[in-house]
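# Commentary on secondary and tertiary structure
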Amino acid sequence: MTFSYLRLELAVAPVSGSRQLTALAAPLLRRVLGLALIARFCPFGEPRCQAPPTGGGAAPPPSDLCDLAAACPYGVLFAASRTRRPPFALFVPPPKGSGDGEPGVIEITLFGPACGAYAWLLAAFADALERGLGKTRQKWALAEVCRTGPDGDRERLCGPDLTALPSILAPSLLNLAGSAYVAPAPVEVILRSPARLLRQGRLLKGREPVPFEVLIARILDRFKNLYGAAAAEVLDARLRADLEAEAARVPLLGNETDWVEVQDYSARSGAEMLLGGKVGRLLYGPEAAKFLPILQAGEILHAGKNATSGCGRLEARLAAARKAGRDAGI
(Lines give C-alpha, C1' and ligand atoms only; values in the text may rest on other atoms or scores of the structure.)
Protein backbone atom coordinates (compact mmCIF):
# COMPACT_ATOMS: atom_id res chain seq x y z
CA MET A 1 0.00 0.00 0.00
CA THR A 2 1.26 3.49 -0.87
CA PHE A 3 0.69 6.87 0.74
CA SER A 4 0.91 10.34 -0.74
CA TYR A 5 3.45 13.01 0.14
CA LEU A 6 4.97 16.01 -1.58
CA ARG A 7 8.47 17.27 -0.78
CA LEU A 8 9.21 20.82 -1.90
CA GLU A 9 12.53 22.65 -1.80
CA LEU A 10 12.46 26.44 -1.69
CA ALA A 11 15.54 28.42 -2.67
CA VAL A 12 15.44 31.78 -0.92
CA ALA A 13 17.66 34.79 -1.51
CA PRO A 14 18.47 37.29 1.23
CA VAL A 15 17.40 40.87 0.81
CA SER A 16 20.22 43.35 1.55
CA GLY A 17 21.36 43.13 5.16
CA SER A 18 19.90 39.69 5.89
CA ARG A 19 21.85 37.08 7.81
CA GLN A 20 22.22 33.41 6.98
CA LEU A 21 19.19 31.18 7.12
CA THR A 22 20.44 28.58 9.60
CA ALA A 23 18.87 25.32 10.72
CA LEU A 24 17.87 27.06 13.95
CA ALA A 25 15.45 29.20 11.92
CA ALA A 26 12.96 26.35 11.36
CA PRO A 27 10.79 27.02 14.47
CA LEU A 28 10.64 30.70 13.53
CA LEU A 29 9.65 29.82 9.96
CA ARG A 30 6.83 27.62 11.24
CA ARG A 31 5.56 30.48 13.38
CA VAL A 32 5.57 33.13 10.64
CA LEU A 33 4.10 30.65 8.15
CA GLY A 34 1.13 30.10 10.46
CA LEU A 35 0.62 33.86 10.81
CA ALA A 36 0.80 34.31 7.04
CA LEU A 37 -1.80 31.57 6.47
CA ILE A 38 -4.15 33.26 8.96
CA ALA A 39 -3.65 36.66 7.33
CA ARG A 40 -4.25 35.27 3.83
CA PHE A 41 -7.08 32.81 4.35
CA CYS A 42 -8.84 33.13 7.71
CA PRO A 43 -11.99 35.30 7.33
CA PHE A 44 -12.17 35.71 11.12
CA GLY A 45 -8.65 37.06 11.55
CA GLU A 46 -7.86 34.38 14.13
CA PRO A 47 -7.77 30.57 14.02
CA ARG A 48 -11.09 29.60 15.59
CA CYS A 49 -10.36 25.99 14.61
CA GLN A 50 -7.94 25.75 17.55
CA ALA A 51 -9.28 25.84 21.09
CA PRO A 52 -7.20 27.69 23.70
CA PRO A 53 -5.37 25.41 26.17
CA THR A 54 -7.46 24.30 29.15
CA GLY A 55 -6.66 22.77 32.51
CA GLY A 56 -7.93 19.33 31.62
CA GLY A 57 -9.87 17.25 29.13
CA ALA A 58 -9.40 16.77 25.43
CA ALA A 59 -9.75 19.76 23.14
CA PRO A 60 -12.75 19.64 20.79
CA PRO A 61 -11.96 18.67 17.19
CA PRO A 62 -11.36 21.57 14.78
CA SER A 63 -14.53 20.76 12.83
CA ASP A 64 -16.59 21.42 15.98
CA LEU A 65 -15.05 24.87 16.28
CA CYS A 66 -15.16 26.07 12.67
CA ASP A 67 -17.07 24.80 9.64
CA LEU A 68 -14.13 25.80 7.42
CA ALA A 69 -11.50 23.79 9.30
CA ALA A 70 -11.32 20.84 6.88
CA ALA A 71 -10.96 23.12 3.84
CA CYS A 72 -9.00 26.11 5.14
CA PRO A 73 -5.22 25.84 4.55
CA TYR A 74 -4.51 26.83 8.16
CA GLY A 75 -7.08 24.35 9.46
CA VAL A 76 -5.60 21.49 7.44
CA LEU A 77 -1.93 22.32 7.98
CA PHE A 78 -1.79 23.70 11.53
CA ALA A 79 -4.98 22.70 13.33
CA ALA A 80 -4.67 19.17 11.88
CA SER A 81 -8.36 19.05 11.05
CA ARG A 82 -7.96 15.86 8.99
CA THR A 83 -5.05 14.11 10.73
CA ARG A 84 -3.90 13.50 14.31
CA ARG A 85 -0.86 15.71 13.85
CA PRO A 86 -0.16 18.70 11.57
CA PRO A 87 0.48 17.05 8.17
CA PHE A 88 3.73 18.73 7.24
CA ALA A 89 7.38 18.75 8.24
CA LEU A 90 9.99 21.49 7.97
CA PHE A 91 13.74 21.27 7.57
CA VAL A 92 16.36 23.97 7.01
CA PRO A 93 19.68 22.43 5.90
CA PRO A 94 22.86 23.98 7.32
CA PRO A 95 24.29 26.73 5.09
CA LYS A 96 27.06 25.67 2.74
CA GLY A 97 29.12 28.80 3.31
CA SER A 98 30.11 30.76 6.39
CA GLY A 99 29.28 34.35 5.47
CA ASP A 100 26.15 36.46 5.80
CA GLY A 101 24.01 37.29 2.80
CA GLU A 102 24.14 33.81 1.26
CA PRO A 103 21.20 32.00 -0.37
CA GLY A 104 19.28 29.58 1.81
CA VAL A 105 17.16 26.46 1.35
CA ILE A 106 13.90 25.51 3.02
CA GLU A 107 12.56 21.97 2.71
CA ILE A 108 8.90 21.37 3.44
CA THR A 109 7.11 18.04 3.09
CA LEU A 110 3.33 17.73 2.90
CA PHE A 111 1.54 14.51 3.80
CA GLY A 112 -1.78 13.00 2.74
CA PRO A 113 -4.59 15.57 2.60
CA ALA A 114 -2.14 18.46 2.83
CA CYS A 115 -0.60 17.71 -0.59
CA GLY A 116 -3.37 19.58 -2.39
CA ALA A 117 -2.61 22.75 -0.41
CA TYR A 118 0.84 23.24 -1.96
CA ALA A 119 0.02 26.42 -3.90
CA TRP A 120 -1.65 28.08 -0.89
CA LEU A 121 1.26 27.14 1.31
CA LEU A 122 3.84 28.56 -1.11
CA ALA A 123 1.92 31.82 -1.42
CA ALA A 124 1.82 32.13 2.37
CA PHE A 125 5.55 31.31 2.54
CA ALA A 126 6.31 34.13 0.09
CA ASP A 127 4.26 36.49 2.26
CA ALA A 128 6.05 35.39 5.42
CA LEU A 129 9.52 35.76 3.93
CA GLU A 130 8.71 39.18 2.50
CA ARG A 131 7.32 40.28 5.86
CA GLY A 132 10.65 39.36 7.47
CA LEU A 133 11.95 36.99 10.14
CA GLY A 134 12.82 37.72 13.74
CA LYS A 135 12.69 40.90 15.77
CA THR A 136 14.69 42.78 13.13
CA ARG A 137 12.35 41.63 10.32
CA GLN A 138 15.15 40.33 8.12
CA LYS A 139 13.62 39.85 4.68
CA TRP A 140 14.07 37.01 2.22
CA ALA A 141 12.80 36.59 -1.33
CA LEU A 142 11.56 33.35 -2.83
CA ALA A 143 13.87 32.56 -5.78
CA GLU A 144 12.90 29.07 -6.95
CA VAL A 145 10.62 26.16 -6.08
CA CYS A 146 11.60 22.56 -6.85
CA ARG A 147 10.14 19.22 -5.86
CA THR A 148 12.21 16.26 -4.71
CA GLY A 149 11.07 12.84 -5.88
CA PRO A 150 11.42 9.46 -4.17
CA ASP A 151 14.81 8.85 -5.79
CA GLY A 152 16.14 12.25 -4.80
CA ASP A 153 15.68 13.69 -8.29
CA ARG A 154 14.83 17.42 -8.37
CA GLU A 155 12.22 18.94 -10.66
CA ARG A 156 12.01 22.71 -11.07
CA LEU A 157 8.43 23.92 -10.66
CA CYS A 158 8.80 27.69 -10.95
CA GLY A 159 10.91 30.73 -10.18
CA PRO A 160 9.81 33.65 -8.00
CA ASP A 161 6.56 34.01 -10.00
CA LEU A 162 4.19 31.56 -8.30
CA THR A 163 1.60 31.99 -11.06
CA ALA A 164 3.86 29.67 -13.09
CA LEU A 165 3.23 26.80 -10.64
CA PRO A 166 1.45 23.76 -12.10
CA SER A 167 -2.24 23.83 -11.23
CA ILE A 168 -2.17 20.06 -10.79
CA LEU A 169 0.78 18.42 -9.07
CA ALA A 170 0.59 14.67 -8.54
CA PRO A 171 2.12 13.72 -5.17
CA SER A 172 4.88 11.21 -4.68
CA LEU A 173 4.05 7.85 -3.13
CA LEU A 174 5.53 6.45 0.07
CA ASN A 175 5.76 2.67 0.42
CA LEU A 176 6.05 1.82 4.10
CA ALA A 177 6.49 -1.94 3.85
CA GLY A 178 8.88 -2.20 0.91
CA SER A 179 9.24 -5.30 -1.20
CA ALA A 180 12.92 -5.82 -1.99
CA TYR A 181 15.01 -8.05 0.25
CA VAL A 182 18.12 -6.34 1.56
CA ALA A 183 21.12 -8.51 2.47
CA PRO A 184 22.45 -8.04 6.04
CA ALA A 185 24.75 -5.03 6.33
CA PRO A 186 25.38 -2.37 8.97
CA VAL A 187 23.07 0.62 8.64
CA GLU A 188 24.14 4.20 9.25
CA VAL A 189 21.52 6.71 10.39
CA ILE A 190 22.34 10.41 10.22
CA LEU A 191 20.19 12.66 12.42
CA ARG A 192 20.35 15.88 10.41
CA SER A 193 18.16 17.98 12.70
CA PRO A 194 17.43 17.63 16.44
CA ALA A 195 15.67 14.29 16.95
CA ARG A 196 13.30 14.32 19.94
CA LEU A 197 12.83 10.62 20.58
CA LEU A 198 10.75 9.30 23.44
CA ARG A 199 11.36 6.00 25.20
CA GLN A 200 8.58 4.98 27.58
CA GLY A 201 7.44 8.58 27.67
CA ARG A 202 10.88 10.00 28.46
CA LEU A 203 13.00 12.03 26.06
CA LEU A 204 16.39 10.50 25.21
CA LYS A 205 18.87 13.23 26.09
CA GLY A 206 22.54 14.05 25.78
CA ARG A 207 24.67 11.17 24.54
CA GLU A 208 22.21 8.52 25.64
CA PRO A 209 22.17 5.67 23.12
CA VAL A 210 19.23 5.38 20.75
CA PRO A 211 18.05 1.76 20.81
CA PHE A 212 17.08 0.60 17.35
CA GLU A 213 13.58 -0.39 18.41
CA VAL A 214 12.96 3.14 19.70
CA LEU A 215 13.87 4.65 16.34
CA ILE A 216 11.63 2.18 14.49
CA ALA A 217 8.76 2.75 16.95
CA ARG A 218 8.89 6.53 16.59
CA ILE A 219 8.82 6.27 12.78
CA LEU A 220 5.77 4.00 12.99
CA ASP A 221 4.11 6.40 15.44
CA ARG A 222 4.68 9.26 13.03
CA PHE A 223 3.20 7.25 10.17
CA LYS A 224 0.13 6.32 12.23
CA ASN A 225 -0.51 9.93 13.25
CA LEU A 226 -0.37 11.11 9.64
CA TYR A 227 -2.17 8.33 7.80
CA GLY A 228 -4.28 6.60 10.45
CA ALA A 229 -4.01 3.52 12.66
CA ALA A 230 -5.58 1.28 10.00
CA ALA A 231 -3.39 2.57 7.16
CA ALA A 232 -0.92 -0.34 7.09
CA GLU A 233 -0.79 -3.93 8.27
CA VAL A 234 2.44 -3.31 10.15
CA LEU A 235 0.50 -1.04 12.57
CA ASP A 236 -1.58 -3.98 13.82
CA ALA A 237 -0.79 -4.32 17.53
CA ARG A 238 0.45 -7.93 17.34
CA LEU A 239 2.48 -7.47 14.17
CA ARG A 240 4.00 -4.28 15.48
CA ALA A 241 4.92 -5.92 18.80
CA ASP A 242 6.74 -8.70 16.93
CA LEU A 243 8.49 -6.17 14.69
CA GLU A 244 9.70 -4.07 17.62
CA ALA A 245 10.86 -7.18 19.46
CA GLU A 246 12.94 -8.12 16.44
CA ALA A 247 14.28 -4.55 16.21
CA ALA A 248 15.31 -4.76 19.88
CA ARG A 249 17.82 -7.46 18.90
CA VAL A 250 19.67 -5.10 16.55
CA PRO A 251 22.83 -3.85 18.30
CA LEU A 252 24.01 -0.25 18.33
CA LEU A 253 27.60 -0.29 17.05
CA GLY A 254 28.37 3.42 17.10
CA ASN A 255 26.95 6.54 18.71
CA GLU A 256 28.40 9.87 17.53
CA THR A 257 25.58 12.20 18.52
CA ASP A 258 25.43 15.55 20.26
CA TRP A 259 22.60 17.36 21.99
CA VAL A 260 21.45 20.58 20.30
CA GLU A 261 19.00 23.08 21.78
CA VAL A 262 16.65 25.04 19.51
CA GLN A 263 14.43 27.80 20.86
CA ASP A 264 10.76 27.90 19.92
CA TYR A 265 7.69 29.81 21.00
CA SER A 266 4.18 28.46 21.56
CA ALA A 267 1.54 30.98 20.51
CA ARG A 268 -1.18 28.89 22.18
CA SER A 269 0.47 28.85 25.60
CA GLY A 270 2.36 32.14 25.17
CA ALA A 271 5.61 30.59 26.43
CA GLU A 272 9.14 30.15 25.15
CA MET A 273 10.38 26.56 25.03
CA LEU A 274 13.49 24.63 24.09
CA LEU A 275 13.34 21.89 21.49
CA GLY A 276 16.45 19.95 22.39
CA GLY A 277 17.31 16.91 20.33
CA LYS A 278 20.03 14.56 19.18
CA VAL A 279 22.08 15.34 16.06
CA GLY A 280 24.80 13.16 14.56
CA ARG A 281 25.57 9.62 13.44
CA LEU A 282 24.29 6.25 14.63
CA LEU A 283 25.56 2.91 13.38
CA TYR A 284 23.48 -0.24 13.80
CA GLY A 285 24.34 -3.90 13.23
CA PRO A 286 23.74 -5.89 10.03
CA GLU A 287 20.30 -7.03 11.22
CA ALA A 288 19.11 -3.43 10.72
CA ALA A 289 19.21 -3.81 6.92
CA LYS A 290 15.90 -5.69 7.04
CA PHE A 291 14.28 -2.50 8.38
CA LEU A 292 15.73 -0.23 5.69
CA PRO A 293 12.32 0.42 4.02
CA ILE A 294 10.93 1.72 7.34
CA LEU A 295 14.04 3.84 7.91
CA GLN A 296 13.75 5.26 4.40
CA ALA A 297 10.12 6.10 5.13
CA GLY A 298 11.44 7.91 8.19
CA GLU A 299 13.58 10.06 5.89
CA ILE A 300 10.36 11.44 4.44
CA LEU A 301 8.19 11.44 7.57
CA HIS A 302 10.80 12.67 10.10
CA ALA A 303 11.01 10.80 13.42
CA GLY A 304 9.95 11.91 16.87
CA LYS A 305 8.33 15.08 18.14
CA ASN A 306 8.10 18.61 16.67
CA ALA A 307 8.61 17.75 13.01
CA THR A 308 6.75 20.94 12.03
CA SER A 309 9.46 22.92 13.83
CA GLY A 310 12.25 21.28 11.86
CA CYS A 311 13.06 18.36 14.19
CA GLY A 312 13.64 14.71 13.35
CA ARG A 313 15.04 14.92 9.80
CA LEU A 314 17.13 11.80 9.21
CA GLU A 315 18.93 9.89 6.49
CA ALA A 316 19.55 6.13 6.44
CA ARG A 317 21.87 4.12 4.25
CA LEU A 318 23.79 0.89 4.20
CA ALA A 319 27.16 1.56 5.79
CA ALA A 320 28.86 -0.89 3.41
CA ALA A 321 27.54 1.05 0.42
CA ARG A 322 28.80 4.31 1.88
CA LYS A 323 32.28 2.82 2.42
CA ALA A 324 32.33 1.51 -1.15
CA GLY A 325 31.44 5.00 -2.38
CA ARG A 326 34.29 6.52 -0.38
CA ASP A 327 36.72 3.95 -1.78
CA ALA A 328 35.57 4.89 -5.30
CA GLY A 329 36.08 8.57 -4.61
CA ILE A 330 32.34 9.38 -4.54
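So, how was this worked out
Residues numbered from 1 in each chain as written. Predicted model: local features only at pLDDT ≥ 70, side-chain atom pairs only at ≥ 80, totals over all residues. Heavy atoms only, no water. Helix = DSSP H or I, 4+ residues; strand = E, 2+ residues; numbered from the N terminus. Buried < 20%, exposed > 50% of the residue type's maximum accessible area, 1.4 Å probe, protein only. Contact = heavy atoms within 4.5 Å. Areas by Shrake-Rupley, 256 points an atom, 1.4 Å probe, with all protein chains shown as cover. Polar contact = N/O pair within 3.5 Å; in protein donor to acceptor, adjacent residues only side chain to side chain. Phe/Tyr/Trp six-rings, centres within 6.5 Å; stacked < 30°, edge-to-face > 60°. Salt bridge = Lys/Arg side-chain N within 4 Å of Asp/Glu carboxyl O. Pairing = 2+ DSSP bridges. Axes fitted to C-alpha atoms, helices over the stretch in contact; angles between N-to-C directions. pLDDT = per-residue confidence, 0-100.

What follows covers the overall build of the chain. For the chain, the count of helices and strands is eight helices and 14 strands. In the chain, which comprises 330 residues, the share counted as buried stands at 48%. At a minimum sequence separation of 6, the contacts of the chain that also span at least 24 residues come to 72%. As presented, the chain carries roughly 15900 Å² of accessible surface, and 53% of it is formed by carbon and sulfur atoms.

Topologically, glutamate 107 is positioned in strand S3 (residues 104-111). Accessibility expressed as a relative area gives 8% for glutamate 107, which makes it buried. Only 2.8 Å separates the side chain of glutamate 107 from the side chain of arginine 313, close enough to count as a polar contact. Beyond its immediate stretch of four places on either side in the chain, glutamate 107 contacts Arg7, Leu8, Ala89, Leu90, Phe91, His302 and Arg313.

Counted under the stated rule, the structure contains eight aromatic pairs. A ring pair is formed by phenylalanine 3 and tyrosine 227, whose centres lie 5.2 Å apart and whose planes are at 50°; its orientation type is tilted. Taken as a pair, phenylalanine 3 in strand S1 (residues 2-14) and tyrosine 227 in helix H5 (residues 212-227) lie far apart in primary sequence, 224 residues in all. A relative accessible area of 17% places tyrosine 227 in the buried class. Cluster of aromatic residues (ring-pair linked, three or more members): Phe3, Phe223 and Tyr227.

By secondary structure assignment, the location of tyrosine 5 is in strand S1. Separated by 83 residues in the primary sequence, tyrosine 5 and phenylalanine 88 have C-alpha atoms spaced 9.1 Å apart. Excluding anything up to four places from it in sequence, tyrosine 5 contacts Thr109, Leu110, Phe111, Cys115, Gly149, Pro150, Pro171, Ser172, Leu173, Leu174, Tyr227 and Ile300.

This model, assessed by the stated rule, comprises 16 salt bridges. A salt bridge links glutamate 107 to arginine 7; its shortest N-O distance comes to 3.5 Å. Here arginine 7 lies in strand S1 and glutamate 107 lies in strand S3, a separation of 100 residues in the sequence. Per residue, the accessibility class of glutamate 107 equals that of arginine 7, and both read buried. A salt bridge links glutamate 256 to arginine 281; the nearest nitrogen and oxygen atoms lie 3.2 Å apart. In this pair, glutamate 256 is assigned in strand S10 (residues 252-260) and arginine 281 in strand S13 (residues 277-284), connecting sequence segments 25 residues apart. By relative accessible area, glutamate 256 is classed as partly exposed at 48%. For arginine 281, a relative accessible area of 21% corresponds to the partly exposed category. Overlapping salt bridges bring together Glu188, Glu256, Arg281 and Arg317 as one network.

Here the focus is the pairing of S3. Along any regular strand, the residues point their side chains to alternate faces of the sheet. Among the eight residues in S3, seven count as buried, and that is most of the element. Relative to S3, strand S2 (residues 88-91) runs antiparallel, the two being bridged by four bridges. Looking across to S3, one finds that leucine 90 is bridged to isoleucine 108.

Further remarks concern the sheet that holds strand S7 (residues 187-195). The four strands lie next to each other as S10-S13-S7-S14, forming an open sheet whose pairing is antiparallel. Strands with a single pairing partner mark the edges of an open sheet, and in this sheet they are S10 and strand S14 (314-318). Neighbour-to-neighbour, the strand axes of this sheet turn through a mean angle of 5°, independent of strand direction. Bridge count for S7 against S13 is six bridges, and the pairing is antiparallel. Within S13, the position partnered with glutamate 188 by the bridge is leucine 283. Helix H7 (residues 292-301) rests against S7 and S14 of the sheet, and its axis sits at about 150° to S14.

Attention now goes to H7. Across the ten residues that make up H7, a large majority, nine, are buried. Those residues of H7 not exposed but buried are Leu292, Pro293, Ile294, Leu295, Ala297, Gly298, Glu299, Ile300 and Leu301. Of the residues flanking the end of H7, it is histidine 302, one or two places downstream, whose phi is positive at about 75°.

Our focus in this paragraph is the environment of proline 194. Looking at where proline 194 falls in the secondary structure, it is placed in strand S7. Proline 194 gets classed as buried once you look at its relative accessible area, which sits at 9%. Separated by 109 residues in the primary sequence, proline 194 and alanine 303 place their C-alpha atoms 9.9 Å from one another. Ignoring anything within four residues of it in the chain, the contact list for proline 194 reads Val260, Val262, Leu275, Gly277, Lys278, Val279, Cys311 and Gly312.

What follows covers the confidence of the model for the chain. When pLDDT is averaged across the chain, the result is 88; 87% of the residues are at 70 or more. For residues 324-330, every residue scores under 50 in pLDDT, and the model assigns this stretch one contact once sequence neighbours within four places are set aside.

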